[in-house]
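Residue-level structural notes
Listed below are the residues making up each chain.
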Amino acid sequence: MAKRHGMTGPFVLGASIKALAAILFMLGPRPQQTPPMPLMSPVKTEAGAQLHERSVGWTAMLRRERHFFTGACLAICGLTVLRQALTILTPLLGRELGLSVQAIGAAQSAGATVDSIMFLPTGYGYDRFGRKAMVVPALLVMSSGWAVLSFATSARSLLRGTMLIGLGHGLTAGIQSLTVQDFAPPPPETQHFISLYMLLTDGVALGGPLLLTRLAQAASVAVATRTTASLGILAAGWYWFRVPEVLKATVNPR
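Residues numbered from 1 in each chain as written. Predicted model: local features only at pLDDT ≥ 70, side-chain atom pairs only at ≥ 80, totals over all residues. Heavy atoms only, no water.

Quick word on the packing of helix H10 (residues 175–183) against helix H11 (residues 190–218)
- Packing of H10 against H11 leaves a shortest axis separation of 11 Å and a crossing angle of 150°. The orientation of H10 relative to H11 falls into the category roughly antiparallel. The crossing of H10 and H11 is right-handed. Every residue of H11 that contacts H10 at Gln-176, Thr-179, Val-180 and Phe-183 is listed here: Phe-193, Ile-194, Tyr-197 and Thr-201.
- By residue class, the composition of the contact of H10 with H11 is five nonpolar, three polar and no charged. (Axes fitted to C-alpha atoms, helices over the stretch in contact; angles between N-to-C directions. Helix = DSSP H or I, 4+ residues; strand = E, 2+ residues; numbered from the N terminus. Parallel < 35°, antiparallel > 145°, perpendicular 65-115°, else oblique. Left-handed = near helix turned anticlockwise from the far one by under 90°. Contact = heavy atoms within 4.5 Å. Nonpolar A, V, L, I, M, F, W, Y, C, P; charged D, E, K, R; others polar.)

Set out below in structure tokens:
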């Protein structure tokens, strides 16, 4: 029991702190509703009325932005699970294979090294090729890495899997912040939008690894890794079909 708490405790604490920060952000000063503009011209009056109508509550925000929260936000939640699972399932898999702490640490370090190397080309790729061209292949690469881990039998196969996951992780660097930047509504709803997005993604960051840990305990680590690989494929398809490409709209405006 003590070991179980040792695995889940840091994630519970970290996600709880992030969720608390999101709640405090929500409870902060409410954005002031902009009153309609004076009756100077029909165009200005209509613009002022539209700006006034954009000041909505939490329920109205979820309803109005439902395409985002059931599209891009859900895909990012799937990506969050793939990222968080690495730090939980890799040590469990290494222990199941009978590897030493040094071998498990070396595999995780190799994955983190590949991850950090991809930061610069990833930023260029987002601006040059678009979000989908980077995120969808990255999710598939991460899924292939989890598939390799599900059939791992040695330290070498563990190393290959973690490096593939690190490559996919690096190709999605910054996408969480970019998603908010791409789809956030203009003020005064920006604060509401970001806080809801933070609560959803941080909630998944807390619940996802816990569910995977329970799955590994109830079934096996191989089942948990294969489930994670399947989730990555689903997230890639969801991102491709449900998330619009914002770069095309910016480069080729109508």
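Things to note about the side chain of Ser-157
- Tracing the backbone shows Ser-157 in helix H9 (residues 155–171).
- In terms of polar contacts, Ser-157 uses its side chain to reach the backbone carbonyl oxygen of Ser-154, at 2.9 Å.
- Apart from residues no more than four positions distant in its own chain, Ser-157 is found in contact with Val-148, Leu-149 and Ala-152. (Polar contact = N/O pair within 3.5 Å; in protein donor to acceptor, adjacent residues only side chain to side chain.)

Some words on helix H6 (residues 101–117)
- The first and last C-alpha atoms of H6 sit 24 Å apart over 17 residues, in line with the 24 Å expected at 1.5 Å per residue.
- Where H6 is concerned, the buried positions are Ile-104, Ala-107, Ala-110, Gly-111, Val-114 and Asp-115. Buried residues of H6 fall within an arc of 140° about the axis and therefore sit on the same side. Facing away from the buried side of H6 by over 90 degrees, the exposed positions are Val-101, Gln-102 and Ile-117.
- Its buried side turned inward, H6 meets helix H5 (72–96), helix H7 (119–129) and H9. (Expected span 1.5 Å × (residues − 1). Buried < 20%, exposed > 50% of the residue type's maximum accessible area, 1.4 Å probe, protein only. Arc of directions from axis to C-beta.)

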